[in-house]
Every structure is written in structure tokens, then in C-alpha cells.
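Each chain, written out:
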Amino acid sequence: MESVGIAKKTWAFLPVGFFSRSIGKKLVVAVTGVVLLGFVTGHMVGNLQVFIGQEAINRYAAFLQGLGELLWLIRAFMAATLILHVWFAIQLKLENWAARPKRYEHNATVQATLSSRTMIWTGLLIGAFAAYHLLHFTFMSLHPEYKTLEDHLGQHDVYSMVILGFKNPAISIFYIIMMFTLAYHLSHSVQSMFQTLGLNNDQYDGGLRRLALAVAGILFVGYTAIPAAALLDILKLPAGVK
Amino acid sequence: MMNLKLKVWRQKNAQDKGKIVDYNAKNVSPDMSFLEMLDIVNEELILKGQEPIVFDHDCREGICGMCSQTINGIPHGPERGTTVCQLHMRHFKDGDTIFIEPWRARAFPVMKDLIVDRSALDKIIQAGGFVSVDTGGCPDANSLPIAKDDAEDAMDAAACIGCGACVAACKNASAMLFVSAKVGHFAKLPQGKIERERRVQAMVKAMDDAGFGNCTNYYECEAVCPKEISVRFIALMNREYLRTINHLGRKKGAGGF
């Protein structure tokens with residue numbers, strides 16, 4: 001009988017098999033999510049140096065640029081991580097939609113949070129925002145005039161660029177909304193990644209939910225502090241920059 | 001006594017498109033179970049010469065896992081930790097409108113009205129929900145030492161009656177709570193531990209092949225489970241699946257864990 005198969009069936013497999021199963025794909029999303037969370041945390045801490053002053057943030061930016069080939073290696077790694085995260089998440093989502101071709105006439109939700117039910121949309125929004133953000137501040141294609149900003153040490157004046165960018169209320173508010181989207185995404189994903197990686201039990205569960213909210217809150221406040229401070233004139237342009 | 005408006009999914013057979021049909025349930029006692037209420041409606045339909053509403057049921061005491069109705073969008077209805085047969089009409093108000101639909105999932109095709117084919121769950125059990133060797137009769141107490149916590153966890157998982165409400169409630173129609181209860185039940189016991197890697201692989205494969213969705217941690221399953229099985233079993237199953245990474249790249253039939 002086929003059912004005796006547990007002993008006979010193939011259980012040896014290549015990693016391809018491991019990652020082609022539902023749980024394998026979820027693991028990819030969770031692990032890449034951990035890396036991306038690490039990135040957004042580091043990026044926020046780095047950016048907060050804008051509050052130390054013009055010299056600090058410009059030196060930090062010059063240090064990153066000075067990494068040269070290493071910087072591109074890091075960028076390639078982050079891009080690959082992001083692509084894997086999005087690719088597997090979309091694949092899972094399409095399978096999930098296909099798993100219920102006929103929906104209920106009367107739909108109800110008992111305890112699933114709105115953040116958990118909007119992950120694909122908040123995720124795609126953040127992806128689109130990341131593309132805009134790179135063109136805005138990293139490659140400066142949207143504002144070529146930012147490239148010529150220099151401080152008295154001859155370094156690229158990231159400090160003035162950030163304040164100039166965020167002096168525009170439309171851009172600042174847009175950034176703040178997108179950071180809320182990111183925080184909303186993380187409020188589900190931080191606890192979700194622990195669950196998917198198997199690091200959850202009855203003792204941890206409540207704590208993980210609070211941790212997720214705390215991580216989301218800290219990132220939101222940390223990131224939005226910069227555009228908010230520029231809008232409220234707490235961060236001021238150095239003399240001579242317009 | 002109360003009067004209710006029912007909106008029931010009627011479908012002649014697996015090929016039929018099916019639709020919602022309205023019925024009035026009159027003189028319903030609050031002491032009736034939900035299924036008894038449907039029995040009354042059906043008796044009336046039979047007297048009128050109409051086809052009664054077809055639904056699955058068996059023990060009517062909340063332990064067999066046969067009843068399977070989504071009531072106002074919630075599998076087994078609004079009460080936590082109960083099957084439809086143990087849901088009583090006192091939880092509804094006079095004049096309420098109640099939607100009654102079958103489980104909805106690609107892996108659970110509707111056969112007729114409220115009856116779905118749940119053999120996909122049997123296939124998952126056949127893939128690995130057992131111990132391959134004869135473990136003998138009931139052993140003497142404590143002859144096989146099992147930690148109290150493990151015995152309790154295994155018992156919690158074994159409470160699963162395989163009704164499929166977790167699938168019906170999941171917005172992804174995922175069967176992971178069901179599969180994790182089976183995987184968890186065996187993984188916690190010495191008889192089951194020997195085959196744990198092969199079991200989780202085989203059962204997850206059978207689950208995927210049946211066309212169930214993937215868990216995205218909504219936890220709707222846990223909320224509707226009549227046996228209140230915790231989603232922490234899904235975390236346990238994920239751990240069991242991760243364990244199999246030790247065997248990556250081993251050749252078929254190489255043997256030995």
C-alpha cells in the first residue's frame with residue numbers, strides 16, 4: 001500500500017526541494033526579513049547622526065562612499081536579499097489566493113490584525129518607496145543639483161541635502177507616511193518571523209507581540225524625527241546654502 | 001421562541017455552480033443546537049416536498065469532527081472552542097439573519113450543499129501521520145519515561161478532531177494548524193521521534209500537493225479551532241521542518257539519520 005510510504009518515500013533531497021515547499025519558502029521570507037530589518041535599523045542609526053551635526057553626518061557619508069568596491073558588494077547583497085524577499089512573498093501570496101478560488105458570501109475576521117492582512121500591499125508600497133528614495137538621495141537622479149553640495153572640508157554635503165529635501169512639506173509628509181507603512185508592516189512581521197523560524201511558544205508569545213510593536217515604534221520615531229525636525233526648523237541649513 | 005432568517009448555500013453536486021437560498025426558521029427554541037434547528041427546517045422542507053439542506057454530522061457531541069459549517073463567515077460559528085453541533089441557538093437573537101456556507105478551500109471541493117470532500121486531510125495523514133513499527137499494547141505506567149510537559153503537549157495536539165475548520169477560517173486556506181497538530185503530537189513522544197524528519201517532510205509535501213495555502217500567521221485557525229489548538233504548534237512544525245536541514249543533499253536511501 002502506498003501509505004506505508006513514510007519509510008520508503010524519498011526523504012533525501014537537494015536544497016531546491018527544501019525551499020520549494022511551503023515552509024521552506026516561508027523561511028526564505030523570514031530570513032531575508034531579518035536581514036532587511038537589520039538594514040533599516042542600521043540605516044536609521046546612521047541617519048540619526050544628522051542631529052549630531054553637519055560634520056558627523058557628512059563624515060559618515062564620506063566613510064560609506066570610501067568603501068568603494070565593498071560598498072557595491074554590500075549593495076548587491078542587499079538588493080539580492082530584497083529580491084528574494086519580494087519574490088518568495090509574491091509567490092506565496094499567489095498560491096494563497098489560488099487556494100481559495102470561491103470566497104465566502106459572508107466574510108468575517110475573528111482575530112487577524114489589519115497589518116497581517118495587508119502585508120503584501122504595505123510591502124509593495126515600501127518597495128516602490130525604496131526605489132524613489134534611492135533616486136532621491138542616493139543617486140540623486142531626481143535632484144542633480146544635490147551632487148554639487150559641498151561642505152568646508154570638500155566632502156559631499158549630505159547634511160544640507162537632507163534638510164533641503166525635507167524643507168519641502170509634500171516630500172516630508174510623503175516620507176512620514178511611508179515610514180508609517182514600514183512600521184505597520186513590521187508590527188506584524190517581527191513577531192511573524194519568530195513564529196516562522198520556530199522561535200515561539202506559549203511563554204514567548206505575548207512578549208513577541210510587544211517586541212514587534214516596540215521595534216515598529218522605535219523605527220517610526222527614529223526615521224520620522226529627521227523630516228519632522230527639518231520641517232519644524234529644528235535642523236537648520238548651514239549659512240550660505242540655499 | 002425565535003424566528004430567524006437563514007441564507008444557506010445550496011448546490012446540487014460538485015459540478016453545480018450553487019447559490020445562496022433564503023429560508024425562514026420559525027419557532028426556534030434557544031435550547032436547540034444549531035443542527036437541531038436545521039433538522040426542524042429540513043422537516044418542514046420534506047413536508048413541502050422540497051430537497052432538505054444536506055450537511056455533515058455524526059456524534060453531535062463535539063468530538064467526531066464531522067460537522068462543518070461556516071456560520072456568518074466563522075467556521076463552527078461565533079462561540080469559541082465549539083463545533084457546530086455544540087453551538088446553541090441561545091447565542092442568536094430573534095430576527096437574526098444567519099449565513100450558512102460550506103468550508104471554502106480549493107482542497108475541499110463542495111460535494112453537495114454544505115458537504116465538502118475533506119479527503120485531502122486523509123492524504124496528509126497517510127503520508128506520515130503514523131508510526132511505522134508496531135509499538136505494542138498499552139505499556140505499564142512509567143515503563144516508558146515521558147516528561148510531563150511533553151505528554152501534556154502531545155495530548156493538546158492529539159485533541160485535533162480533523163474537522164478542517166482551521167483551513168476554512170484561514171484567509172489562505174492553509175492546513176498548517178492541522179498538520180502541525182499531527183507533527184507536534186508525534187514529535188513530542190518517543191515512539192514518534194524516530195521518524196520525525198521524514199514525517200514532517202512527507203506531511204508538508206502532501207499538504208502542499210493537495211493545494212492548501214501557506215500560513216502567513218493570521219491565527220484565524222486558532223480562533224475557530226473547536227479543540228483550541230494553539231498556533232504555537234505551527235512554530236513547532238517549523239522547527240521540525242528546519243531540523244531536516246541536517247539531511248540536505250543526502251542521497252536517496254542513504255539511510256541513517
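1. A closer look at the overall build of chain B
If you tally the helices and strands in chain B, you get nine helices and seven strands. Expressed along its principal axes, the backbone C-alpha trace of chain B runs to roughly 65 × 40 × 30 Å. Relative to its full complement of 257 residues, chain B shows a buried share of 54%. In chain B, the proportion of contacts linking residues at least 24 apart, taken out of those at least 6 apart, comes to 69%. Carbon together with sulfur atoms contributes 50% to the accessible area of chain B, which is approximately 11,200 Å² in total.

2. With respect to the nonpolar core
With 54 residues, the main nonpolar core has I124(B), V179(B) and F212(B) as its most contacted residues. Where this core is concerned, the elements lending two or more residues are α3 (22-47) of chain A together with α2 (119-128), α4 (165-169), α5 (176-187), α7 (196-209), α8 (220-224) and α9 (232-243) of chain B. Here this core spans two domains, and each of domain 1 (2-111) and domain 2 (118-247) of chain B adds at least three residues to it. Leave out the neighbours within four places in its chain, and V179(B) touches I124(B), M203(B), M207(B) and M237(B).

3. Regarding the side chain of N96(A)
By the secondary structure assignment, N96(A) is in helix α5 (residues 69-98). From its side chain, N96(A) meets the backbone nitrogen of N214(B) in a polar contact 2.6 Å long. Those residues within four positions of N96(A) in sequence are excluded, and the remaining contacts are N172(B), G213(B), N214(B) and T216(B).

4. A short note on the packing of helix α7 (residues 119-138) of chain A against helix α9 (residues 169-196) of chain A
Residue and element names in this part refer to chain A. In contact at an axis separation of 9 Å, α7 and α9 are set at 140° when each is read in the N-to-C sense. Considering the angle they form, α7 stands oblique to α9. As for the relative orientation of α7 and α9, their crossing is left-handed in sense. Along its contact with α7, which presents M119, T122, G123, L125, I126, F129, Y132, H133, H136 and F137, the element α9 presents I171, F174, Y175, M178, M179, T181, L182, Y184, H185, H188 and S189. Broken down by class, the residue content of the contact of α7 with α9 amounts to 13 nonpolar, eight polar and no charged.

5. Some remarks on the interface of chain B and chain A
With 69 residues of chain B in contact, the opposing surface of chain A contributes 50 residues. For the pair chain B and chain A, the two sides together bury roughly 5,200 Å², of which 56% comes from carbon and sulfur. Counting the contacts that link chain B with chain A gives two salt bridges. A salt bridge links D205(A) to R232(B); the nearest nitrogen and oxygen atoms lie 3.3 Å apart. Inspection of the region where chain B meets chain A yields 35 residue pairs in polar contact (both at pLDDT 80 or more). Broken down by secondary-structure element, the contributors of at least two residues to the side of chain B that touches chain A are β5 (97-101), α2, α4, α7, α8 and α9 of chain B.

6. Focus on the packing of α2(B) against α7(B)
Residues and elements named next belong to chain B. Following both chains from N to C, one finds α2 and α7 inclined at 155°, their axes separated by 8 Å at the closest point. Regarding the angle of α2 to α7, the classification is roughly antiparallel. Here the hand of the crossing between α2 and α7 comes out right-handed. Across the interface between the two elements, K123, I124, I125, A127 and G128 from α2 touch R199, A202, M203, A206 and M207 from α7.

7. Things to note about the packing of aromatic side chains
Residue and element names in this part refer to chain A. By the definition in use, this model includes 17 aromatic pairs over all chains. Between F137 and F166, the aromatic rings sit 5.5 Å apart at their centres with planes inclined by 85°, giving edge-to-face as the arrangement. Linking F137 in helix α7 with F166 in helix α8 (residues 158-167), this pair joins segments that are 29 residues apart in sequence. Neither F137 nor F166 differs from the other in exposure class; each is buried.

8. Considerations on the environment of M176(B)
Positionally, M176(B) belongs in helix α5. For the pair M176(B) and G95(B), spaced 81 residues apart in sequence, the C-alpha to C-alpha distance is 37 Å. Beyond its immediate stretch of four places on either side in the chain, M176(B) contacts S22(A), I23(A), K26(A), M207(B), N214(B), C215(B), I234(B) and M237(B).

9. Regarding the confidence of the model for chain A
For chain A, the mean per-residue pLDDT works out to 92, and 93% of the residues sit at or above 70. Here residues 1-9 of chain A is modelled with pLDDT under 50, and outside its nearest four sequence neighbours on either side it reaches 12 contacts, counting other chains as well.

10. A closer look at the pattern of salt bridges
Counted under the stated rule, the structure contains 20 salt bridges over all chains. E95(A) serves as the salt-bridge partner of K25(A), at 2.5 Å between the closest nitrogen and oxygen. Of the two residues, K25(A) is situated in helix α3 and E95(A) in helix α5; the sequence distance between them amounts to 70 residues. Salt-bridge contacts for D202(A) lead to R232(B); the nearest nitrogen and oxygen are separated by 3.0 Å. With D202(A) in the loop between α9 and α10 (205-231) and R232(B) in helix α9, the pair connects residues from two separate chains. The class for R232(B) is buried, based on a relative accessible area of 17%. It is possible to trace a salt-bridge network through shared partners that takes in D202(A), D205(A), R209(A), E222(B) and R232(B).

11. Section: a nonpolar patch on the surface
Residues and elements named next belong to chain A. Taken together, the side chains of L82, V86, I90, L94, W97, W121 and L124 present a nonpolar region at the surface, about 640 Å² in accessible area. At the level of elements, α5 and α7 are the ones that each hand at least two residues to the nonpolar patch. No other element matches the five residues that α5 contributes to the nonpolar patch. Its location among the elements puts W121 in helix α7.

12. Here's the deal with the pairing of β5(B)
Residue and element names in this part refer to chain B. A large share of β5 lies buried, amounting to four of its five residues. When strand β1 (residues 2-10) meets β5, the two strands line up parallel, connected through four bridges. Note on β5: the bridge partner recorded for L6 is I98.

13. Section: the sheet that holds β1(B)
Residue and element names in this part refer to chain B. Read across the sheet, five strands follow the order β2-β1-β5-β3-β4 without closing on themselves; strand pairing throughout is mixed. The strands lining the two open edges of the sheet, one partner per strand, are β2 (19-28) and β4 (74-75). Contacting β1, β2, β3 (70-71) and β5, helix α1 (residues 34-47) runs over the sheet at an angle of about 100° to β2.

The rules we used
Residues numbered from 1 in each chain as written. Chains lettered and ligands numbered in written order. Predicted model: local features only at pLDDT ≥ 70, side-chain atom pairs only at ≥ 80, totals over all residues. Heavy atoms only, no water. Helix = DSSP H or I, 4+ residues; strand = E, 2+ residues; numbered from the N terminus. Buried < 20%, exposed > 50% of the residue type's maximum accessible area, 1.4 Å probe, protein only. Contact = heavy atoms within 4.5 Å. Areas by Shrake-Rupley, 256 points an atom, 1.4 Å probe, with all protein chains shown as cover. Core = buried A, V, L, I, M, F, W, Y, C linked by side-chain atoms within 4.5 Å. Domains from an automatic or database assignment. Polar contact = N/O pair within 3.5 Å; in protein donor to acceptor, adjacent residues only side chain to side chain. Axes fitted to C-alpha atoms, helices over the stretch in contact; angles between N-to-C directions. Parallel < 35°, antiparallel > 145°, perpendicular 65-115°, else oblique. Left-handed = near helix turned anticlockwise from the far one by under 90°. Nonpolar A, V, L, I, M, F, W, Y, C, P; charged D, E, K, R; others polar. Buried area = accessible area lost by both parts, 1.4 Å probe. Salt bridge = Lys/Arg side-chain N within 4 Å of Asp/Glu carboxyl O. Phe/Tyr/Trp six-rings, centres within 6.5 Å; stacked < 30°, edge-to-face > 60°. pLDDT = per-residue confidence, 0-100. Patch = residues over 30% accessible without salt bridge, like charges linked within 9 Å, V, L, I, M, F, W, Y side chains within 5 Å. Pairing = 2+ DSSP bridges.

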